[in-house]
Amino acid sequence: MNGYLIALIVILAYIAILLLLWRSGFARRHNISFMGPLLMLRTEKGIGLLKRMSRRRGFWKGYALLSWALFIGGMISMVLLLLWEAVLVLSVPKTAAPSLQSYLLIPGINPFVPLGYGLIGLIVAVVLHELAHGVLSESQDIDVRSMGVLMFVVPVGAFVEPDQQMLENTEVHKRIKIFGVGPGTNIVLAIIFLMLFIFPFMGGVAPIHNGLAVISLTAGSSASHAGIAQWNEVVAINGTPTTTLSDFYGIQNLLPGHSYSVELYASGRQVERSVIAGIQIVGTVPDSPAAAAGIKPDWILVKMNNTTVMNEVQLFSLFNNTRPGEVVPFVFELPNRSMVNMDIRLSSEMAVEHTGSSSTGFLGIYFTYMGMEVLPMSDVISLIRNPFYGADSTSFITSVLGFLVQPFEGLSPIPAGLAANLHAYGMQPGELFWIGANGMYWLFWLNLWVGLFNMLPAIPLDGGYLFRDNLRLLLEKFSRRDSQEKERIARSVTTAFSYLIFFLILWQLIAIRI
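The structure presented is a predicted model; accordingly, all values stated were derived computationally and were not measured.

## Some remarks on the overall build of the protein chain
No. 1: Regarding its fold elements, the protein chain presents 17 helices and 18 strands.
No. 2: Each principal axis of the C-alpha distribution contributes one length, and for the protein chain these read about 85 × 55 × 45 Å.
No. 3: Counting over 514 residues, the protein chain shows a buried share of 46%.
No. 4: Long-range pairs, those at least 24 residues apart, make up 66% of the contacts in the protein chain with a sequence separation of at least 6.

Here it is as structure tokens:
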């Protein structure tokens, strides 16, 4: 059955249940209310626990100060990230635009957020976020009237409802503590879960063999037709061990267009496949010499400038010896095994097929060797467990962002094909080990983004109220205007920032599709 039809049936059934609860009077009798399509289940149970937890006022005062510091850092980081992405989307082609579902942090709807891990992680993040608000409210002498769960088809949130009048009339610095502790708690939880993911779980993980993980395959390539799959581990080609990238990209004596044996581990079993060697074309740059010449994906580059191209290292060397405007002869093998000869005039654009400059000839091809992209297994593990892997003074932020986009790269949950070629603490871990490791990552990931999103200076997010109250304090300290004027300025600036944040988020959806 079509997925959209299933979703429609579920939503219609949900609406029917809401109508039944309302008309039967069941909702009124059991403190159930409605907020649009959201179902609110209120209760006063648990408020006593909040009061007992709030008695350690010294601890909560220090914790609120930590949350405020995290808020300042998180708010600045998120605004800068949105501004950077607003520029970045202008250079992303329309064909690479992510689906609209990928912008929603909803498990099962976002294609990159798994339903099980995602739902548990989101519930933990939202419930503890709201409980932190409740404890801080009580510690600041603001009564909590009720607490409960928000539902829309599946549980999606929780809430703590402080006395609104008391909250509005209390001192500004108390409100700052109450609003700040929710997203601050998410960041603290994210750090805790990250440490659990890195050390008890991934800290003891190592590759069983010293091979190269297949991180991607070219569709229609000889490697894919031979049955090689993503996360298989290549250990030898034509009898030559492959443990480093140099072994793979600089491999010798394999004639392009000829088949050779590839030894690999697939799902933990050693197998052998026959794969055609050579530089395989993946695509061409629009309006490039390659595109104008009619070069197609799945072609194999056999010769360039009358030299047989054995590997990528040799290809780079050949291109680095060309000049813009030079006519270079090429020989390609087509999928039907026929040969085609082409004399192509190279252009002066920055080349994708080498690391030279615009003074080097440009053809405009994208390619892989044997139709595979590989990475040493040890590097794959480091990418998964180390947020700062490969970072230096210029790539620190890039490395961190790379760690955070693992779900979009297919690395979290850790693929079964990859896990089969790993061991932990010297033994083959069972399914529970990987469930625990994946669970820790998703608890980290969802707490981090729930916290950071709520730090955005936009009402009705916590960050919006925090931004407004912090601005009020600054105006009280540095401005001589009357109180009403200060309040008006604080509200106006916060409203402006709210619109700016909304525009930056909307811009990512629109600009990439223009």
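There is more to say after this.
## Structural notes on the packing of aromatic side chains
No. 1: Enumeration over the complete set of coordinates arrives at 23 aromatic pairs.
No. 2: Here phenylalanine 201 and phenylalanine 433 contribute two aromatic rings whose centre-to-centre distance is 5.6 Å and whose plane-to-plane angle is 55°, an arrangement assigned as tilted. Of this pair, phenylalanine 201 sits in helix α7 (residues 172-201) while phenylalanine 433 sits in helix α15 (residues 431-454); the two residues are 232 residues apart in sequence, bridging distant segments of the chain. Here the two residues phenylalanine 201 and phenylalanine 433 agree in accessibility, since each one is buried.
No. 3: Consider the rings of tryptophan 299 and phenylalanine 332, whose centres lie 5.6 Å apart with planes at 55°: the pair is tilted. Of the two residues, tryptophan 299 is situated in the loop between α10 (289-293) and β12 (300-304) and phenylalanine 332 in strand β14 (residues 327-333); the sequence distance between them amounts to 33 residues. For the pair tryptophan 299 and phenylalanine 332, one class covers both residues: buried.
No. 4: Through pairs of rings, three or more aromatic residues link up here, namely Phe112, Phe197, Phe403, Phe408, Tyr441, Trp442, Phe444, Trp445 and Trp449.

## As for helix α5 (residues 115-139)
No. 1: Over its 25 residues, α5 extends 36 Å from the first C-alpha to the last, a length consistent with the 36 Å expected when each residue adds 1.5 Å.
No. 2: Aspartate 141 sits one or two positions beyond α5 and adopts a positive phi of about 65°.

## Observations regarding the layout of surface pockets
Unfilled space is identified by rolling a water-sized probe across the atoms.
No. 1: By volume, the second largest pocket amounts to about 860 Å³.
No. 2: Along the wall of the second largest pocket there are 30 residues; nearest its centre are Ser77, Val400, Leu401, Leu404 and Leu452.
No. 3: Breaking the lining of the second largest pocket down by element, the ones donating at least two residues are α4 (57-88), α7, α13 (396-404) and α15.
No. 4: If one sorts the elements of the lining of the second largest pocket by residue count, α4 sits on top with 9 residues.
No. 5: Its residues placed into classes, the lining of the second largest pocket shows 25 nonpolar, 5 polar and no charged.

## Concerning the side chain of serine 222
No. 1: Structurally, the position occupied by serine 222 is in helix α8 (residues 222-225).
No. 2: Residues within four places of serine 222 in sequence aside, it is in contact with Ser274, Val275, Ile276 and Gln280.

## A word on the environment of valine 87
No. 1: Among the structural elements, valine 87 can be located in helix α4.
No. 2: On the basis of relative accessibility, which here comes to 57%, the residue valine 87 falls in the exposed class.
No. 3: Taking C-alpha positions, valine 87 is 30 Å from valine 380, a pair spaced 293 residues apart along the chain.

## Digging into the pattern of salt bridges
No. 1: Within this structure, the stated rule accounts for 11 salt bridges.
No. 2: For arginine 57, the salt bridge identified is with aspartate 141, shortest N-O distance 2.8 Å. Taken as a pair, arginine 57 in helix α4 and aspartate 141 in the loop between α5 and β3 (144-152) lie far apart in primary sequence, 84 residues in all.
No. 3: Put simply, lysine 174 and glutamate 171 hold a salt bridge, and the shortest N to O gap is 3.8 Å.
No. 4: Among the residues examined, glutamate 171 registers a relative accessible area of 41% and is labelled partly exposed.
No. 5: When salt bridges with common partners are traced through the structure, they connect Arg175, Asp469, Arg472, Glu487 and Arg491 into a single cluster.

## Brief notes about the environment of isoleucine 215
No. 1: Structurally, the position occupied by isoleucine 215 is in strand β6 (residues 212-217).
No. 2: Judged by relative accessible area, which is 29%, isoleucine 215 ranks as partly exposed.
No. 3: When the C-alpha positions of isoleucine 215 and aspartate 163 are compared, they lie 53 Å apart, and in sequence the two are 52 residues distant.
No. 4: Among residues more than four places away in sequence, those in contact with isoleucine 215 are Gln230, Trp231, Glu373, Val374, Leu375 and Val380.

## A look at the pairing of strand β7 (residues 233-237)
The two faces of the sheet receive side chains in turn, since in a regular strand these alternate between them.
No. 1: Extensive coverage of β7 is indicated by the burial of 5 of its 5 residues.
No. 2: As defined by bridge partners, β7 adjoins strand β9 (residues 259-266) across 4 bridges and the pair is classed as antiparallel. When the bridges of β9 are listed, isoleucine 237 appears paired with valine 262.
No. 3: As paired elements, β7 and strand β8 (residues 240-241) share 2 bridges and run antiparallel to each other. When the bridges of β8 are listed, isoleucine 237 appears paired with threonine 240.
No. 4: Counting the residues in the hairpin turn of β7 and β8 gives 2 residues, including asparagine 238, whose phi is positive at 55°.

## Some words on the nonpolar core
No. 1: Residues Leu418, Trp434 and Phe444 are the most contacted members of the largest nonpolar core, which totals 80 residues.
No. 2: A per-element tally of this core places α15 first, with 14 residues.
No. 3: When sequence neighbours within four positions are dropped, the list of residues in contact with tryptophan 434 reads Tyr117, Met202, Val205, Ile414, Ala419, Leu422 and Pro429.
No. 4: Grouped together as the second largest cluster of nonpolar side chains are 41 residues, Leu264, Phe332, Met342 and Leu363 included.

About the cut-offs
- Residues numbered from 1 in each chain as written.
- Predicted model: local features only at pLDDT ≥ 70, side-chain atom pairs only at ≥ 80, totals over all residues.
- Heavy atoms only, no water.
- Helix = DSSP H or I, 4+ residues; strand = E, 2+ residues; numbered from the N terminus.
- Buried < 20%, exposed > 50% of the residue type's maximum accessible area, 1.4 Å probe, protein only.
- Contact = heavy atoms within 4.5 Å.
- Phe/Tyr/Trp six-rings, centres within 6.5 Å; stacked < 30°, edge-to-face > 60°.
- Expected span 1.5 Å × (residues − 1).
- 1 Å grid on protein atoms, 1.4 Å probe; cavity = no way out; pocket = protein on both sides within 12 Å on 5 of 7 lines; lining within 4 Å.
- Points joined across faces, edges and corners; volume = space filled by probe spheres on them.
- Nonpolar A, V, L, I, M, F, W, Y, C, P; charged D, E, K, R; others polar.
- Salt bridge = Lys/Arg side-chain N within 4 Å of Asp/Glu carboxyl O.
- Pairing = 2+ DSSP bridges.
- Core = buried A, V, L, I, M, F, W, Y, C linked by side-chain atoms within 4.5 Å.

The values are spatial; any link to function lies outside them.
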